[in-house]
Amino acid sequence: MAPARVVVVCGDRAGRVMAGPAIRAVELAQGLAGAGHPVVLAAPVGSDPNIDDLAVTTWSSRGDLRAAVAAAQVVVVFAAVLADHLWLADLDVPLVVDSYDPALFETLEGRRGEPLNAQRDWVADASRHQLHPLAVADVVLVASERQRHFALGSLAALGRLGPRTVAEDPTLEQLVRIVPFGLPDEPPEHGSSPLRGPDGPFGADDVVALWGGGLYPWLDPLTLVDAVSEVDDDRVVAAFLAGPHPTPAVGRMPLVDEARQLALDLGLGRRVHFVERWVPYAERGRWLTGADIGVSLHHSHVETELSFRTRVLDYLWAGLPIVCTGGDVVAEAVAADDLGVVVPPGDSTVVAAALAALAGASPQKRAARRRRLADAARSHRWSETLAPLVAACAEPRLAPDRRVAENVPPRRGDGLRRAVRVAQGLPGSLVPSNGLRTEGTQ
């Protein structure tokens, strides 16, 4: 097959400073380009037009986005963006829908405690962003086997799974493909770190526990602050990357102020440090290599079940032993491969014991764990994790139930109406634009 012209549509600003969705879009685009596909990254206005040799175009309107995808043979699009631009389903171009982020479950937890009417509005919008794109997807990308099961259940509820689909794809592994977050092939270079030295907050003898991602409401940074106060060894300290979120609509996260106040209340002084900026993606290695332990803690709730803690992969990349709460797939790997310590939710005493144990580990134990961490990191390289996406773009095609019969042109707008009706479960939702009946009605 000839290389396909691919447009990767990003919903967040891409450039030097990025959050998870933009990072993932850039890495997907770079991986596809490295595999020989002509790739354009379509990112919102305000993105950097010069990103590591990628062809970048910016958009802010439907017209801009339509122009960006005009020559595409495959469109790779984040689910939430497609939900707001379902007209993309009318283009007769295969849609690879990236559904790695379980935003519905993040919203359920993140908005908990707000007035019920407000929660209903937020959750309804999150449901639309999570489910409507699956009604028109030709390929669905997920980050784990758990997410794959959720996607298959959603597709079944939308009437997308039937005899034609299973006849061509008996395992449904072509329809729903596992593409986790990945890591660079080479580990970060060790050198000067902003966390150490004369200009940094910590000394050479400190044992630095790093919180390397955002302080989102479904996570639990407060337990780490409590745990530091419970560790008798004053060398055990914590650093939080706590700058304002690069997506303007998110901005500063309330948990930053709560964690800072808790540290003040506990009199921790220099033992807890908050980095007041969002670390640029290309610079994260310098911060990681200045730490000794990577920490990711969360509460007990439904978001955990389908989460994929992407920043924990950075700890693998940097060879940091991990302290994390159990319940998600990354924590399962930490426990199975002895990559650190898995702790119960909300138990600062257990977290403190884990920090103390890792700080006091013998050189032999540390060296053995570093080898295991390096092995785990190699299995998560982008060059490995992107293989299912590269394969999908090498043979682009519409899903069986989305194909249009030969010489029967679709009517303008039918794809949009059908997508909405499918996603909402309305009568007639399984009648495609060409008048053929889909598997769901056979």
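Our structure's up above, just so we're on the same page.
A few points on the structure. Small disclaimer: the values here were computed from a predicted structure and weren't measured. Numbers given to residues run from 1 along each chain, matching the order in which its sequence is written. Residue-level local features of this predicted model are given only where pLDDT is at least 70; pairs of side-chain atoms are given and counted only at 80 or more, and the full residue set underlies all totals for whole chains, interfaces and linings. The side-chain numbers reported here are obtained from all heavy atoms of the structure, hydrogens and water having been left aside.

All right, on to the sheet that holds strand β3 (residues 55–59) then. Any two strands with at least two DSSP-identified bridges between them are counted as paired. Each helix is a run of H or I in the DSSP string that is no shorter than four residues. Each strand is a run of E no shorter than two, and both are numbered from the N terminus. As summarised here, the arrangement of the 7 strands in space is β3-β2-β1-β4-β5-β6-β7, forming an open sheet in which the pairing is parallel. The outermost strands of the open sheet, each flanked by one partner alone, are β3 and β7 (176–178). Between one strand axis and the next, the sheet turns by 25° as a mean value, whatever way the strands run. The pairing of strand β1 (residues 6–9) with strand β2 (residues 39–44) spans 4 bridges and is classified as parallel. By the bridge assignment for β2, Val6 is matched with Val39. Any two residues whose heavy atoms approach within 4.5 Å at even a single point are treated as in contact. Whenever a helix is involved, its axis is fitted only over the stretch in contact; in every case the axis is a line through C-alpha atoms, and angles between N-to-C directions fall within 0 to 180 degrees. Set on the sheet, helix α1 (residues 20–34) makes contact with β1, β2, β4 (74–78), β5 (95–98) and β6 (139–142); between it and β2 the angle comes to about 165°.

On to the side chain of Arg369. Of note, Arg369 is situated in helix α15 (residues 363–378). The residues touching Arg369, leaving out its near neighbours within four places in the chain, are Pro321, Asp338, Leu339, Gly340 and Leu358.

Most of β4 sits inside the fold, with 5 of its 5 residues counted as buried. Burial classes: relative accessible area under 20% of the type maximum marks a residue as buried, over 50% as exposed, and values in between as partly exposed (1.4 Å probe, protein chains only). Both faces of β4 are covered, namely the face carrying Val74, Val76 and Phe78 and the face carrying Val75 and Val77. Two strands pair when backbone bridges link them, and β1 and β4 are joined in this way by 4 bridges, in the parallel orientation. Looking at the pairing, Val7 lines up with Val75 of β4.

Between helix α8 (residues 221–230) and helix α9 (residues 254–265), the shortest axis-to-axis distance is 9 Å and the interhelical angle comes to 15°. The angle between the axes of α8 and α9 places the two elements in the roughly parallel class. For the pair α8 and α9, the crossing hand works out as right-handed. Here α8 contributes Pro221, Leu222, Val225 and Asp226 to the contact with α9, which in turn contributes Leu255, Glu258, Ala259, Leu262 and Ala263. Basically, the charged four are Asp, Glu, Lys and Arg, the nonpolar ten are Ala, Val, Leu, Ile, Met, Phe, Trp, Tyr, Cys and Pro, and anything else, Gly included, counts as polar. A per-class count over the contact of α8 with α9 returns 7 nonpolar, no polar and 2 charged. Angular relationships are summarised with four words: roughly parallel below 35 degrees, roughly antiparallel beyond 145, roughly perpendicular across 65 to 115, and oblique for the angles in between. Definitions for this section: a left-handed crossing has its near helix turned counterclockwise from the far helix by less than a right angle. A right-handed crossing has that turn clockwise.

For Phe, Tyr and Trp, rings pair up if their centres lie within 6.5 Å, where Trp contributes its six-membered ring, and each pair is then called stacked (planes under 30 degrees apart), edge-to-face (over 60) or tilted (otherwise). Inspection of every chain in the model, using the stated rule, returns 7 aromatic pairs. Between Trp211 and Phe240, the aromatic rings sit 5.9 Å apart at their centres with planes inclined by 35°, giving tilted as the arrangement. Placement of Trp211 in strand β8 (residues 207–211) and of Phe240 in strand β9 (residues 236–241) is noted, with a sequence separation of 29 residues between them. Relative to Phe274, the ring of Phe240 has its centre 5.1 Å away and its plane inclined at 10°; by these criteria the two rings are stacked. With Phe240 in strand β9 and Phe274 in strand β10 (residues 272–275), the pair connects residues that are 34 residues apart, well separated along the chain. Among the aromatic residues, those joined into a ring-pair cluster are Phe78, Tyr100, Phe181 and Trp382. Consider the ring centre and the ring normal. A charge sits over the ring if Lys NZ or Arg CZ is within 6 Å of that centre and within 35 degrees of that normal. Over the face of the ring belonging to Trp122 we find Arg111, whose NZ or CZ atom lies 3.5 Å from the ring centre.

Only buried residues count toward a nonpolar core. Its members are Ala, Val, Leu, Ile, Met, Phe, Trp, Tyr and Cys residues joined through side-chain atoms within 4.5 Å. Within the largest apolar cluster, 99 residues are counted, with the highest numbers of intra-cluster contacts made by Val6, Val8, Val9, Leu41, Val76, Leu316 and Leu389. Ranked by the residues each element gives to this core, the list is headed by α1, at 7 residues. If sequence neighbours within four positions are ignored, Val6 has contacts with Leu32, His37, Pro38, Val39, Val40, Val74, Val76 and Cys393. The next biggest cluster of nonpolar side chains, apart from the first, holds 37 residues, and it includes Trp278, Ile293, Leu297 and Leu358.

Another aspect to go through is helix α6 (residues 145–157). Along its 13 residues, α6 runs 19 Å from first to last C-alpha, staying within 8% of the 18 Å computed at 1.5 Å per residue. For α6, every residue scored as buried is listed here: Arg146, Gln147, Arg148, Ala151, Leu152, Ser154 and Leu155. Where the residues of α6 are buried, they touch α5 (116–131), β6, β7, α11 (302–306) and α13 (329–336). One or two steps after α6, the chain reaches Gly159, where phi turns positive at roughly 80°. Here, expected helix span is obtained from the residue count minus one, scaled by 1.5 Å.

Here Asp257 lies in helix α9. In the structure, Asp257 is positioned 17 residues away from Phe274 in sequence and 10.0 Å away in space, judged by C-alpha atoms.

Looking now at the side chain of Ser99. Looking at the element boundaries, Ser99 is found in the loop between β5 and α4 (103–110). With near-sequence residues (within four places) excluded, Ser99 lies in contact with Ala79, Gln130, Leu134, Val140, Leu141, Val142 and Gln147.

Sheet architecture is open: 6 strands sit in the order β10-β9-β8-β11-β12-β13, paired in parallel fashion. Across the chains shown, the open sheet's two edge strands, defined by having one partner strand only, are β10 and β13 (340–343). Averaged over neighbouring strand pairs, the angle between their axes works out to 20° when direction is ignored. Bridge count for strand β11 (residues 293–296) against strand β12 (residues 322–325) is 3 bridges, and the pairing is parallel. Residue pairing for β12: Gly294 is matched across the bridge by Ile322. Those strands touched by helix α14 (residues 348–359) are β8, β9, β11, β12 and β13, and its axis lies near 175° from that of β13.

With that settled, consider unusual backbone geometry. Unlike most non-glycine residues, Asp52 shows phi in positive territory, near 40°. By secondary structure assignment, the location of Asp52 is in the loop between β2 and β3. A positive phi is found at Asp338, a non-glycine position, where the angle reads about 50°.

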